[in-house]
Amino acid sequence: MLQKSITLVIPTFNEAQGIAHHLGIVLQQLDALANYRWRVLLVDDGSQDHTAETISALCAQHDSLELLCLTRNFGKEAALLAGLQEAVRLPDCNAVILMDSDLQHPPQLLPQMLALWEAQVEVVEAYKQHRGNNTLSNLFANSFYALFYYLSRIDLKNHSDFKLLDRKVAEAYVAMPERARFFRGLIGWMGFSSAQIPFAVPPRQYGQSSWSVWQLAKLSINAITSFSTAPLHIMTVLGVAFIGLSSLIGGIALYDKFTGTAVSGFTTVILLLLLIGGFLMLGLGMLGLYVAHIYHEVKHRPHYFTDFRRSKLKSQPPPLPH
Ligand code: UDP
Ligand code: MG
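Predicted model only: the values in this text are computed from it and were never measured.

The rules behind these values
Residues numbered from 1 in each chain as written. Chains lettered and ligands numbered in written order. Predicted model: local features only at pLDDT ≥ 70, side-chain atom pairs only at ≥ 80, totals over all residues. Heavy atoms only, no water. Salt bridge = Lys/Arg side-chain N within 4 Å of Asp/Glu carboxyl O. Helix = DSSP H or I, 4+ residues; strand = E, 2+ residues; numbered from the N terminus. Buried < 20%, exposed > 50% of the residue type's maximum accessible area, 1.4 Å probe, protein only. Core = buried A, V, L, I, M, F, W, Y, C linked by side-chain atoms within 4.5 Å. Contact = heavy atoms within 4.5 Å.

Time to look at the pattern of salt bridges. Note on pairing: side chains with opposite charge can pair once their charged atoms come close. In total, this model carries 16 salt bridges according to the counting rule given. A salt bridge links D92 to R37; the shortest N-O distance between them is 3.0 Å. Remark: R37 occurs in strand β2 (residues 36-44) and D92 occurs in the loop between α3 (76-89) and β4 (93-98); sequence separation between them is 55 residues. Residue classification places R37 among the partly exposed residues on the basis of a relative accessible area of 34%. For R39, the salt bridge is made with E66, and the minimal N-O distance between the two is 3.0 Å. Residue R39 is located in strand β2, and its partner E66 is located in strand β3 (residues 65-69); the two are separated by 27 residues in the primary sequence. The same class applies to R39 and to E66, which are both buried. Where salt bridges share partners, they join R39, E66, E86 and R89 into one cluster.

Next comes the structure, spelled out in structure tokens:
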């Protein structure tokens, strides 16, 4: 019987310290799953250390390993998309698994993921059972997921990017035309049949997480404004409520004036000015976020560029970078 072919996509960014050790463990796990044909595709997202060189050397030793180098650091979302595009380029790929390179996505889950896929599940998602002990980042993450759910009705609480996608899901994801991508959210939004597997996130052994607070905040705002226009509507509702309040205060002010009981009211004027100014700025800022989205979408720039000279692909790459 023809073996099914699975592509494991692993994005890497500045992982030189631990990548050889981690890949060794992943390959060991794959040996135990020899009833599938494996293609391990590492996407180097413009690492500034020796990650690409280390992987390149490993590619010469292991047949299943391949390397796709991006020309610079485009971010994890772009690296995942690059991996998915490269995976579905080959017609024999049956499913794609996306996994981090720092072993925080345990490869021991692979057999369970594959079993669910064999049972016709189209998306197998690993979700985080325990987050780390950093209460501030947990509070931030939980508030983001609650707000995201409230605005988009997609529940992403404790979801991770560790997922198995059936080929048709990967193809559908790659074919979507939008520029601003939030992988976890979009997969949930697509609505294919899914199953969840819980896992405890092990601590990072080498290097450190590349997400700063500012990047996480940017990602959250991007995710929310890509999935919901509710913030704009909330501003409209606030505007209407403000007009109601202003009419009431205006009516009282006019009544006082005509009955001759008007007082100086300096504090009220200052407070109203500040409040209205604040709301206007907030409304403009909110509008600006959506205009920025439109700006990025209409430019239609590629998500990434590929450095084929440094890449180590087994099949002939397409003539032009996408
Ligand atoms: N990563 C990437 N590009 C980036 C940042 C990260 O490809 O710009 C990769 C990184 O090498 C790792 C995965 O994405 O394999 C998750 O990154 P990280 O461990 O820093 O994130 P965390 O686990 O803290 O969410
Ligand atoms: Mg990590």
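What follows concerns the nonpolar core. One finds L84, F148, L165, Y173, F183 and I187 to be the most contacted residues of the largest nonpolar core, which totals 40 residues. Where this core is concerned, the elements lending two or more residues are β2, α3, β4, α5 (135-152), α6 (167-175), α7 (183-190) and α8 (213-227). At 8 residues, α3 tops the list of elements feeding residues into this core. Those residues in contact with F183 that sit more than four places away from it in its chain are E77, L80, L84, L98, D161, K163, L165 and Y173. Grouped together as the second largest cluster of nonpolar side chains are 37 residues, L8, M99, L114 and A195 included.

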